[in-house]
Amino acid sequence: MSTVLVTGGSGYIGSHTVISLSENGYDVVIVDNLSNSKMEVLNRLEKITGKRFKFYNIDCCDTDALRKVFEENKIDSVIHFAGLKAVGESVKIPLDYYSNNIGSLISVCRLMSEFNVNNIVFSSSATVYGSSEDVPFTEESPLGVCTNPYGWTKWMIEQILRDYAKADPSKKVCLLRYFNPVGAHESGLLGEDPRGIPNNLFPYISKVAGGTLDCLTVFGDDYDTPDGTCLRDYIHVVDLAQGHVKALKFLDKTEDSVSVFNLGTGKGTSVLEALNAFEKACGHEIKHVIGPRRSGDIAVCYASTAKAEEVLGFKAQYGIDEMCSSCWKWQTMNPEGLKD
Ligand code: NAD
Ligand code: UFG
């Protein structure tokens, strides 16, 4: 059985990916410092899969601590999710973002070299692309000038991984550029569990729908889009998880040292469309007001999915309705999120 080290594996996307890996016959070792996730995720994973995954509460930046994981387990490949991801926070504490996101990646790569682990899948983001004029973004679209330190860490890590693979021909890298991951596991046992007031649309809508927050502010309705609100390519987290399994399988057979794939649906959904779909899922109106634009937002962002489809055989199965209904189930079953 092939063993995958999943860093950040108790986080939102990581935990869903652990399920897909397990369903596809992989053994999983999770490393997470719980800076943005909770131990309870391990219990939920056990309920869903029937397995208790090996878990290390370790900061990936701590190379010596992380070495223990490589010594105690025969790791075959790595999926590196561990990182900080809040755009606004990254503007306030840029050094923390650069040191955590880049430091953890370098630490993982050093240990991959030390222990002859060759394949790594990295969580990149559509944020590395340029302006809305280029949509749909293909993997060849020009990389843009990022508007925040979080985005730059993704941009820089992509470059670091290219250099790493160039210097050592045994290494194979897969950069997955996610669009907007949303939704939750169908069991309602796992989902996005942000600390504090959410920054992102779906967790915010869920909390307004559930009554924990009062009102959604729609950030701008004067964009050059059909209803004036921004278009995003929302992708169900369960589809996204499946994309990682495809990426691992692809790395086993490819000769290319670096491969890049968009993971999205190829479809743009506006903020108001997302809100309407959520209202349908929860069965009642969701209070909202139109506010000013949020700084740094681009009008339109969606993926070209052709390459992922042709080369990885990846095609998202779920649409906006399933994304909303799974979010709503998660919200109603866990109105206060998971316990610490
Ligand atoms: P998340 O915060 O839920 O998961 C990240 C996990 O990494 C958390 O459990 C956190 O505790 C852990 N972590 C952070 N720094 C660590 C460190 N130094 N050592 C060990 N663990 C550490 O976020 P997510 O939404 O699951 O995102 C996973 C990855 O995907 C991140 O790299 C993120 O930047 C990237 N990504 C996310 C989105 C999105 O919208 N959710 C979009 C594009 C890319
Ligand atoms: N929005 C609102 N009100 C809110 C929250 C969001 O109207 O309370 C709008 C935003 O203006 C945007 C859309 O909903 O038009 C989606 O916003 P999110 O914050 O959910 O997502 P973003 O597209 O801004 O950002 C996401 C990830 C980033 C990643 C980026 C590009 O959060 O990490 O996609 O991949 F960098």
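Residues numbered from 1 in each chain as written. Chains lettered and ligands numbered in written order. Predicted model: local features only at pLDDT ≥ 70, side-chain atom pairs only at ≥ 80, totals over all residues. Heavy atoms only, no water.

Not every positive phi belongs to a glycine, and Leu34 is a case in point at roughly 60°. Here Leu34 lies in the loop between strand 2 (27-32) and helix 2 (40-49). Exposure remark for Leu34: the relative accessible area of 18% places this residue in the buried category. Positive phi values are uncommon outside glycine, yet Asn116 reaches one of about 50°. (Helix = DSSP H or I, 4+ residues; strand = E, 2+ residues; numbered from the N terminus. Buried < 20%, exposed > 50% of the residue type's maximum accessible area, 1.4 Å probe, protein only.)

What follows deals with the sheet that holds strand 9 (residues 231-232). Within the open sheet, the 3 strands sit side by side as 12-9-14. Their pairing is mixed. Strands at the two margins of the open sheet, each flanked by one partner only, are strand 12 (269-270) and strand 14 (300-301). As defined by bridge partners, strand 9 adjoins strand 14 across 2 bridges and the pair is classed as parallel. Its bridge partner being in strand 14, Arg232 is matched across the sheet by Cys301. (Pairing = 2+ DSSP bridges.)

Glancing now at the nonpolar core. Ranked by internal contacts, the top residues of the largest apolar core, which has 40 residues, are Leu21, Ile30, Leu45, Val121 and Leu176. Breaking this core down by element, the ones donating at least two residues are strand 1 (3-7), helix 1 (12-23), strand 2, helix 2, strand 6 (172-178), helix 8 (237-253), strand 11 (258-263) and helix 10 (306-312). In terms of residue count, the dominant contributor to this core is helix 8 (7 residues). If we skip the residues at most four places from it in the chain, Leu45 touches Ser15, Val18, Ile19, Ile30, Gly50, Lys51, Phe53 and Leu190. (Core = buried A, V, L, I, M, F, W, Y, C linked by side-chain atoms within 4.5 Å. Contact = heavy atoms within 4.5 Å.)

Attention shifts here to the environment of Asn36. If you trace the backbone, Asn36 turns up in the loop between strand 2 and helix 2. For the pair Asn36 and Leu84, spaced 48 residues apart in the sequence, the C-alpha separation amounts to 8.1 Å. Sequence-distant contacts of Asn36, that is, excluding residues within four places in its chain, are made with Lys85 and Arg195.

Its location among the elements puts Leu84 in the loop between strand 4 (77-80) and helix 4 (87-92). Along the sequence, Leu84 and Asn116 sit 32 residues apart, while their C-alpha atoms lie 27 Å from each other. With sequence-adjacent residues up to four places away left out, Leu84 is seen in contact with Ser35, Asp96, Tyr97, Asn100, Asn101 and Tyr150.

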